[in-house]
Each structure stands twice: as C-alpha cells, then as structure tokens.
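Residue-level structure breakdown
Each chain is listed here by its residues.
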Amino acid sequence: MQLLKAINVAGIRSDGKALKPKEDAEESYEERQRTHEAATTAAEEAARLAMKAQQHAARLRDEVRQEREEMNRKSKAESFALKEKRKRDAGMQSRGKSTVEEEKRIARQFGVYSGFD
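Residues numbered from 1 in each chain as written. Predicted model: local features only at pLDDT ≥ 70, side-chain atom pairs only at ≥ 80, totals over all residues. Heavy atoms only, no water.

Thoughts on the overall build of the chain
Check the secondary structure of the chain and you find four helices and zero strands. Along its sequence from the N terminus, the chain presents helices and strands in the succession α-α-α-α. Out of the 117 residues in the chain, the part that is buried amounts to 3%. Roughly 10900 Å² of accessible area belongs to the chain as shown, and the carbon and sulfur atoms make up 57% of that amount. (Helix = DSSP H or I, 4+ residues; strand = E, 2+ residues; numbered from the N terminus. Buried < 20%, exposed > 50% of the residue type's maximum accessible area, 1.4 Å probe, protein only. Areas by Shrake-Rupley, 256 points an atom, 1.4 Å probe, with all protein chains shown as cover.)

Given below as structure tokens:
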C-alpha cells in the first residue's frame, strides 16, 4: 500500500497511465477579465484585418474595371481606319486580304504607284 501511494505521488496511476494534473477550480475575477480582454482584442484585430483586406480587394477590382472601361472608350473613339492601321502594324489583320493587295499597300507607302488599283 505504501508503494502505491508513492507511485501516485509521482503522478502515475496504478494501471501505468499518467495522472492528469488537477486544475484550479476557481479562477479569480481578474484572471477572467484578462482572458476576456485578450480574446476580445484578438477578435477585434482579426476583424479589422479582414475588413482591411476586403477593402483592398475592392479597390483593386475597381481599378481594373476603370482600366477596362478606359480601354473600351479609347477603342470606340478610334476610327475604323486607325484600328486597321494599328492591327496591320501589329500583324493582326482582321480581313484575309490577298497578298497582291497587301504588296500594293506596302508599295504605296514607299511612293510606288502602279496606276492599276
């Protein structure tokens, strides 16, 4: 019996498992207040950071939308001839022109006029 009490004092039960330490049943009012304050502060900080992230994402979406609208306004303001010139310069002709027409257009840029157009 003496041996079992010595083992229990060491924190081990008779079946070999460790004893759970006993928690204080009473928590002081000041400790509860500190715990409550810490939890509240952490929750408020997390909410503030989440709101800040949402505002940043909304601002980025608005900037992208404004850029897209600006691009649409610019492209609508361009005349058809300017659009075609920009596409030709980029190598993206919208119409499947024949090579003869394209060669004549290039020759006219260099001052060669065939009179056959």
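Description of a nonpolar patch on the surface
Nonpolar side chains collect at one region of the surface, where Ile106, Phe110 and Val112 lie side by side and expose about 310 Å² of accessible area between them. Taking relative accessible area as the criterion, Phe110 reaches 69% and is therefore assigned exposed. (Patch = residues over 30% accessible without salt bridge, like charges linked within 9 Å, V, L, I, M, F, W, Y side chains within 5 Å. Salt bridge = Lys/Arg side-chain N within 4 Å of Asp/Glu carboxyl O.)

Digging into the pattern of salt bridges
Side-chain pairs of opposite charge can arise whenever the charged atoms involved come near each other. Per the stated rule, a full pass over the model turns up five salt bridges. A salt bridge links Arg73 to Glu69; its shortest N-O distance comes to 4.0 Å. Linking Arg73 with Glu69, this pair stays in helix H2 (residues 29–77), spanning four residues, or about one helical turn. Within the structure, one salt-bridge network assembled from shared partners comprises Asp62, Arg65, Glu69, Glu70 and Arg73.

Focus on the confidence of the model for the chain
Per-residue confidence for the chain gives a mean pLDDT of 78; residues scoring 70 or more make up 74%. The spread of mean pLDDT over the elements of the chain runs between helix H1 (residues 2–9), the lowest at 48, and H2, the highest at 91. In this model residues 3–8 is a low-confidence stretch, pLDDT under 50, and it forms six contacts with partners more than four residues away in sequence or in other chains. (pLDDT = per-residue confidence, 0-100. Contact = heavy atoms within 4.5 Å.)

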